[in-house]
Amino acid sequence: MLGALLGSFEAKVARGAGVHSSSKLVHDLARDDLAQSIMPFCTCYTDTGLFGVYAVASEKNDLDDLTLIILEEMVRLCFTVSDADCERAATSLKANMALSLDGSSHVAEDIGRQLITYGRRIPLSEAFQRIDDVTPEDLMRVANRVVWDQEIAVASLGQVKYLPDYNKLRGRTYWNIY
């Protein structure tokens, strides 16, 4: 649900609609024309996982601003998730789950992923109930565990000389509040 809270965006498809997004991250990136696309991802395994954000910078990019806004929003989730945010994320996630099961290859992939991760196939109704049971406090607790002051991995392609230094990015995974 953290990924659904962050939101996703494709500038070519949205055609300006990103500035009207309920996602603060998408709104900020679209408003400042910093990204062509952005997509949070979460890959789960039985004993570990990977959570992050895939972003493609705009032509007139400023990678420092792009990475700052992404990491700032990820850290914000450690402290501020409202009931409305939680409900919006749950609705979005359930819709995406239902729509992703269109076609036999997608269903087969979903079954395989669930068997590897959970050891069984989880019915959609049970998954929806689990999503509905998530509270804002749960989301902030998980965000604190996976985002707050954690080591990060960065992969980039293109004009990497404009990408901020790793230590600067790592320093953005927490806030110094005085």
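The paragraphs below set out a description of the structure included in this document. Think of each chain on its own: its residues are numbered from 1, step by step along the sequence as written. Given that the model is predicted, a residue must reach a pLDDT of at least 70 before its local features are reported, and side-chain atom pairs must reach 80 or more before they are shown or counted; all residues, however, enter totals for whole chains, interfaces and linings. With hydrogens and water set aside, each side-chain value is computed from the structure's full complement of heavy atoms.

## Here we look at the sheet that holds strand β1 (residues 9-10)
Link 1 in the chain: Strand pairing is assigned whenever DSSP identifies at least 2 bridges connecting the two strands. Numbered from the N terminus, helices here are DSSP runs of H or I no shorter than four residues, and strands are runs of E no shorter than two. Strand order across the open sheet formed by three strands is β1-β2-β3, with antiparallel pairing between neighbours. Strands at the two margins of the open sheet, each flanked by one partner only, are β1 and β3 (49-57).
Link 2 in the chain: Looking at chain direction, strand β2 (residues 35-44) and β3 are connected through nine bridges and run antiparallel. Bridge pairing links P40 to V53 in β3.
Link 3 in the chain: Contacting β1 and β2, helix α3 (residues 24-31) runs over the sheet at an angle of about 155 degrees to β2. The contact rule is simple, with two residues in contact once any of their heavy atoms fall within 4.5 Å. Fitting a line to C-alpha atoms yields each axis, with helices limited to the stretch in contact; the angle taken between N-to-C directions then spans 0 to 180 degrees.

## Side note on the environment of I152
Link 1 in the chain: The residue I152 is located in the loop between α8 (136-146) and α9 (166-171) in this model.
Link 2 in the chain: In this view, I152 contacts Y166, L169, R170 and T173; residues no more than four positions away in its chain are not counted.

## Remarks on a nonpolar patch on the surface
Link 1 in the chain: Side chains of M39, F41, L50 and Y54 sit close together on the surface and give an oily, nonpolar patch of about 390 Å² of accessible area.
Link 2 in the chain: At the level of elements, β2 and β3 are the ones that each hand at least two residues to the nonpolar patch.
Link 3 in the chain: Residue position: L50 is located in strand β3. Note that patches include only residues with greater than 30% relative accessible area and no salt bridge, and the join distances are 9 Å for like charges and 5 Å for nonpolar side chains (Val, Leu, Ile, Met, Phe, Trp, Tyr). Areas reported as accessible are Shrake-Rupley estimates using a 1.4 Å probe. Residue values count occlusion only from the protein chains shown. The rule for a salt bridge is simple: a side-chain nitrogen of Lys or Arg has to be within 4 Å of a carboxyl oxygen of Asp or Glu.

## Points about the environment of V75
Link 1 in the chain: Along the polypeptide, V75 turns up in helix α4 (residues 63-76).
Link 2 in the chain: We classify V75 as buried; its relative accessible area is 1%.
Link 3 in the chain: Ignoring any residue separated from it by four or fewer positions in sequence, one finds V75 in contact with V147, W148, R172, T173, Y174 and W175. Each residue is placed in one exposure class: buried if its accessible area under a 1.4 Å probe, protein chains only, is under 20% of its type's maximum, exposed if it is over 50%, and partly exposed if it falls in between.

## Considering the pattern of salt bridges
Link 1 in the chain: All told, the structure shown has 15 salt bridges when counted by the stated rule.
Link 2 in the chain: The partner of E73 in a salt bridge is R76, with the nearest N and O atoms 2.6 Å apart. With a gap of three residues between them, E73 and R76 both fall in helix α4, about one helical turn apart. Just as E73 is buried, R76 falls in that class too.

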